[in-house]
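Summary of the model geometry
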Amino acid sequence: MSCETTDVATVPSENSGILQGARFVRLQFVDLANIVRYRIFPIKSFLAILDKGSRPRINIPKAVLGVAFLRIAEGFSAIGEYYLVLDLSTLRTLPYKPGHVSCMAFFEEKVGDESGKVEVDICPRTALKKAVERARDEGVEFLVGFEIEFILLSSTSPVVPVHKLEHYMSSLALPAGSVAETVLEEIVESLQECGIEVVMYHSEGAPGQYEIVTGPLPPLEAADALVHTRETIYGIASKHGLRATLAPNVHDDSAGSGAHVHISVHSTNPDSNSSNICSNDTLSDLEASFVSGLIDEFPALTALTLPLPSSYARVADGVWSGGTYICWGVDNREVPIRLCNPWPEKAGSRNFEVKMVDGTANPYISLAGIMTAGTDGVRNESGKTFTMKPLLDMSAIQKSEQGRAELGISEDRKIPSSWEDARKRLKESDVFRRTFGSEMIEKYLALTETMANALDEPDSEEGKRSLLVQMY
């Protein structure tokens, strides 16, 4: 097949103009352990792929979703192939790498089953796509934005931050002419150039730590944009001789890094979105149902949003990571689920911040988990009423047992204190097993265990930390 016969203008994509002037295309995906993997095609080779009809694709080993440090996790095999099918709506330029374009993809079976289904249940983008569809079937839609925390390092072995200041939102952490200031500006300009909305950026509380906040998008687009944002952060930091890390716990005595999700809940019936505020003037009926589902499934959900043992070193009371009790609050940063902009006159910007997410979590799987739990609450097959009141004035740990009981906060329902406990809860969750399928749950747990074991192999704590920041 000659790629000379393919004209970029005939590419069946609304984003086909992005390929004009491109020299290379990165066909990429995110595996179950949140490692971005890609193959790079010269533009002529990529255009030849597009000649493959309605399913432009490449062949890829089935094991590629289950490899950590060249170890194949239990349940995966070197036998068999999937199609990696291009999603041309995701084409984006890489301004920090002129001439390069990225494209996301779905995993599909080569041949459909008896019903013609080619979807692969363990494909992370497919899992999120299905979660969106299930929510829509219940009359619910979501918009999602992210707070992306990361630390700039001048060395990974030993781990050395680009500066030693612990200055939250301080000008001292972004001095004019510094490499940190240059890197942050280039990141933001690059993201804006390729169409990703950056709401703001600032320094965070740990040495060398910064945060970029992106604007709301539909869930699948939001997750794709997050992957692109992270790759941009990594790429530009590397250009300046630095390593950016999303690792949740870089410094033992400073704040960790999270990947907080901001999600707003909307009915597909516009009339029900107006001002149906409950009698407590805090949540709409739809929002209350969503939070109820999150509360019920939070112990299992953490295995998806905090997938590695190092994730749990960040979770504690008093450090704005969400605390230890499963509850919700209004403008309270010591709860795992925070209602932001709660007042009726700001209804258009109301959203929930889910704090128990970090940069080691696959964004497609973690978002699918959040939406699955919330949608189950909306479905509410048990017919229960959500009665938990919001935490307004302090953290749950600061309240007495009686004070927590008055709000409906259960003493025996806390955030899992360990990686092992969270994984046990996920295995026991009928909601997640029913919606994700047993294969996805088992293979996800197998790969994250393989990754955790590999990250634990260095003899020293410094060695473990170095390996973690090199991987994430």
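Refer to the structure above for everything that follows.
Residues numbered from 1 in each chain as written. Predicted model: local features only at pLDDT ≥ 70, side-chain atom pairs only at ≥ 80, totals over all residues. Heavy atoms only, no water.

**Things to note about the overall build of the chain**
The condition is simple: Numbering goes from the N terminus for both helices and strands, where a helix is a DSSP run of H or I of at least four residues and a strand is a run of E of at least two. Three exposure classes are used, based on accessible area relative to the maximum for each residue type with a 1.4 Å probe and protein chains only: buried under 20%, partly exposed in between, and exposed over 50%. Here, two residues are considered to be in contact whenever any of their heavy atoms come within 4.5 Å of each other.
Broken down by element type, the chain carries 11 helices and 17 strands. In terms of overall dimensions, the chain has C-alpha extents of about 75 × 55 × 45 Å along its principal axes. For the chain, buried positions account for 57% of its 472 residues. Restricting to contacts in the chain with at least 6 residues of sequence separation, those with at least 24 account for 70%.

**Quick word on the packing of aromatic side chains**
Rules: Each pair of aromatic rings taken from Phe, Tyr and Trp, with Trp reduced to its six-membered ring, is defined by centres within 6.5 Å and is described as stacked if the planes are under 30 degrees apart, edge-to-face if over 60, and tilted in the remaining cases. Only Lys NZ and Arg CZ are tested; either one counts as a charge over a ring when it is within 6 Å of the ring centre and within 35 degrees of the ring normal.
One pass over the structure, following the stated rule, counts seven aromatic pairs. Geometrically, the ring pair formed by F29 and F107 is edge-to-face, given 4.9 Å between the ring centres and 80° between the ring planes. Here F29 is found in strand β1 (residues 24–30), whereas its partner F107 is found in strand β8 (residues 100–108), with 78 residues between them in sequence. Accessibility classification places F29 together with F107 in one group, the buried group. Pairing F150 with Y210 gives two aromatic rings, centres 6.4 Å apart and planes at 40°, and the pair type is tilted. On the criterion of sequence distance, the pair formed by F150 in strand β9 (residues 140–156) and Y210 in strand β12 (residues 209–214) is long-range, its members being 60 residues apart. In terms of burial, F150 and Y210 fall into one category: buried. What links up through ring pairs into an aromatic cluster is the set F29, Y82 and F107. The aromatic ring of Y83 is capped on one face by R57, whose charged end is 4.5 Å from the ring centroid. It is K443 that lies over the ring of F76; its NZ or CZ is 5.0 Å from the centre.

**Remarks on the pairing of β8**
The criterion, for reference: Should DSSP find at least two bridges between two strands, the strands are regarded as paired.
Burial analysis of β8 places nine of its nine residues in the buried class, the great majority of the element. Covered by surrounding structure in β8 are H100, S102, M104, F106 and E108 together with V101, C103, A105 and F107, the residues of both alternating faces. Of the pairings in the sheet, the one linking β1 to β8 comprises five bridges and is parallel in character. Across the sheet, the residue bridging to L27 is C103, located in β8. Sheet analysis places strand β6 (residues 81–86) next to β8, joined by four bridges and oriented antiparallel. Bridged to V85 within β8 is F106. The antiparallel hairpin formed by strand β7 (residues 92–93) and β8 contains six residues in its connecting segment, where G99 sits at a positive phi of about 90°.

**What about the nonpolar core?**
Cut-off, in case you're wondering: The nonpolar core is taken to be a set of buried Ala, Val, Leu, Ile, Met, Phe, Trp, Tyr and Cys residues, with the residues joined through side-chain atoms within 4.5 Å.
Counting residues in each nonpolar core, the largest one holds 146 residues, and the members touching the most others are F46, F107, F150, L152 and I263. Those residues within four positions of F107 in sequence are excluded, and the remaining contacts are F29, I60, V64, L65, Y82, Y83, L84, V120, C123 and T126.

**With respect to empty space enclosed by the protein**
As a reminder of what qualifies: Only protein atoms enter the 1 Å grid used here. Points where a 1.4 Å probe fits but cannot escape make up a cavity, open sets with protein on both sides within 12 Å along at least five of seven lines make up a pocket, and a residue lines them when an atom lies within 4 Å of a point. Grid points are joined across faces, edges and corners, and a volume is the space filled by probe spheres set on the points. Three classes are used: nonpolar for Ala, Val, Leu, Ile, Met, Phe, Trp, Tyr, Cys and Pro, charged for Asp, Glu, Lys and Arg, and polar for all others, with Gly counted as polar.
All chains considered together, the criterion is met by five cavities of 30 Å³ or more. Size it by volume and the largest cavity reaches roughly 50 Å³. Surrounding the largest cavity, Q28, T90, R92, S102, C103, M104, D224 and H228 form its lining. Among the elements of the structure, β8 and α4 (219–239) are those that each provide at least two residues to the lining of the largest cavity. Top element by residues in the lining of the largest cavity is β8. It accounts for three residues. Split by residue class, the lining of the largest cavity holds two nonpolar, four polar and two charged.

**Let's talk about the pattern of salt bridges**
For clarity, the threshold we go by: Salt bridges are counted wherever a side-chain nitrogen of Lys or Arg sits within 4 Å of a carboxyl oxygen of Asp or Glu.
If you walk through the whole model with that rule in mind, you get 30 salt bridges. Two residues, D376 and R379, come together in a salt bridge whose shortest N-O distance is 3.3 Å. Pair noted here: D376 and R379 are both in helix α6 (residues 363–379), with a separation of three residues, about one helical turn. Assessed through its relative accessible area of 26%, R379 is described here as partly exposed. A salt bridge links D456 to K464; the nearest nitrogen and oxygen atoms lie 3.9 Å apart. Of the residues examined, D456 reaches a relative accessible area of 48% and is grouped as partly exposed.

**Some points on α6**
The criterion, for reference: The span you would expect from a helix comes to 1.5 Å times its residue count less one. By the criterion applied in these results, polar contacts are pairs of N or O atoms within 3.5 Å in which, for protein atoms, one can donate a hydrogen and the other can accept it, and in which residues neighboring in sequence qualify only through two side-chain atoms.
Helix length check: α6 (17 residues) gives 24 Å between terminal C-alpha atoms against 24 Å at 1.5 Å per residue, within 8%. The buried count for α6 comes to 15 of 17 residues, which makes it a mostly enclosed element. N-capping of α6 is provided by N362, with a side-chain oxygen placed 2.8 Å from the backbone N of Y364. N380 lies just past α6 and shows a positive phi near 45°.

**Quick look at unusual backbone geometry**
A cis amide bond links S157 to the next residue, P158, at an omega of 5°. The phi torsion at L70 lies on the positive side, around 65°, for a residue other than glycine. Topologically, L70 is positioned in the loop between β4 (67–68) and β5 (71–72).

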